[in-house]
Amino acid sequence: MQCLGAICGAGVVKGFEKTQYKIHGGGANVVNAGYTKGDGLGAEIVGTFVLVYTVFSATDAKRSARDSHVPILAPLPIGFAVFLVHLATIPITGTGINPARSLGAAIIFNNDHAWDDHWIFWVGPFIGAALAALYHQIVIRAIPFKSRA
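No experiment lies behind these values; they were computed from the predicted model shown.

A. Seen up close, the nonpolar core. In this structure, Val31, Leu41, Ile45, Ile120 and Phe121 together form the largest nonpolar core, which totals 5 residues. Listed by contribution, the elements that provide at least two residues to this core are helix H3 (37–59) and helix H7 (120–140).

Below you can see the structure in the form of C-alpha cells.
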C-alpha cells in the first residue's frame, strides 16, 4: 500500500506541477555527481540506520516506569532524526531512506536516469534497518542469543 501511495502521490505532483516536476527530475532519487555508488549506498545505509534506531529507541515498550512519559514525546526525536538524515544525505542521494518513496518517483518519472541507481534505494534501507534492529536487540536491550545445549 505504501508503494501504491507513493506512485499515486508522484502522479499527483506530476499533474499539478509539470514544470517544477521536470526541472527536479520527478523527485527520483539518484546518486548525485561527484559521489560514487558506494557513497550513495553508504549514505542510505547510515541514514536508514539512524532513523530506524531512533524509532526503536523512542517507542520501546520495555522502558522502565521512570521513562513512561517518553512514548508521548516519541515524534520529537523521530522527526529530528529525519531532519538530520535529510541534511546529511540530500547532497549525496536526495535522501531515499524509504524504498516506497523512491519507487513511486521512479515509476512516474520513468527515465533511464531514474533507474540507473535505483537498487541503492532498496538495498541501502534494508541493510540499514536490519543493522538497526540487530543493534537495538543485541546491544541496547542486551538480549542474549539462546544456546542450544
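B. Looking closely at the UniProt feature "transmembrane region" (unreviewed entry) in the chain. Here, the residues flagged by UniProt with the feature "transmembrane region" (unreviewed entry) are residues 72–92 and 119–140. Secondary structure over residues 72–92 splits into 86% helix and 0% strand, and the C-alpha atoms at its two ends are 33 Å apart. End C-alpha to end C-alpha, residues 119–140 measures 30 Å, and it is 95% helix and 0% strand.

C. Expanded view of H3. Taking 1.5 Å as the rise per residue, H3 with 23 residues should run 33 Å; its terminal C-alpha atoms sit 33 Å apart, in good agreement. Residues Gly40, Leu41, Ala43, Glu44, Ile45, Gly47, Thr48, Leu51, Val52, Thr54, Ser57 and Ala58 constitute the buried set of H3.

D. Fine view of the packing of aromatic side chains. Considering all chains together, one arrives at 6 aromatic pairs under this definition. For the ring pair tyrosine 21 and phenylalanine 109, a centre distance of 5.9 Å and an interplane angle of 65° mean the geometry is edge-to-face. Here phenylalanine 109 lies in helix H5 (residues 99–109) and tyrosine 21 lies in helix H2 (residues 18–23), a separation of 88 residues in the sequence. Assessed through its relative accessible area of 6%, tyrosine 21 is described here as buried. Seen in terms of ring centroids, phenylalanine 49 and tyrosine 53 are 6.2 Å apart; in terms of plane orientation they differ by 5°. Their pairing is stacked. Of this pair, phenylalanine 49 and tyrosine 53 both sit in helix H3, 4 residues apart, which is roughly one turn of that helix. The exposure class assigned to tyrosine 53 is partly exposed, which follows from its relative accessible area of 23%. A network of ring pairs unites the aromatic residues Phe49, Tyr53 and Tyr135 as a single cluster.

E. Summary view of the packing of helix H1 (residues 2–16) against H5. It is the contact of H1 with H5, at a shortest axis distance of 8 Å, that shows an interaxial angle of 45°. Here H1 is positioned oblique relative to H5, judged by the angle of their axes. In the crossing of H1 with H5, the sense of the turn from one axis to the other is right-handed. Facing Gln2, Cys3, Ala6, Ile7, Ala10, Gly11 and Lys14 of H1, the residues of H5 in contact are Ala100, Arg101, Leu103, Gly104, Ala105, Ile107 and Ile108. Within the contact of H1 with H5, the residues separate by chemical class into 9 nonpolar, 3 polar and 2 charged.

The rules behind these values
Residues numbered from 1 in each chain as written. Predicted model: local features only at pLDDT ≥ 70, side-chain atom pairs only at ≥ 80, totals over all residues. Heavy atoms only, no water. Core = buried A, V, L, I, M, F, W, Y, C linked by side-chain atoms within 4.5 Å. Buried < 20%, exposed > 50% of the residue type's maximum accessible area, 1.4 Å probe, protein only. Helix = DSSP H or I, 4+ residues; strand = E, 2+ residues; numbered from the N terminus. UniProt positions renumbered as here; feature names shortened; annotations may be inferred. Expected span 1.5 Å × (residues − 1). Phe/Tyr/Trp six-rings, centres within 6.5 Å; stacked < 30°, edge-to-face > 60°. Axes fitted to C-alpha atoms, helices over the stretch in contact; angles between N-to-C directions. Parallel < 35°, antiparallel > 145°, perpendicular 65-115°, else oblique. Left-handed = near helix turned anticlockwise from the far one by under 90°. Contact = heavy atoms within 4.5 Å. Nonpolar A, V, L, I, M, F, W, Y, C, P; charged D, E, K, R; others polar.

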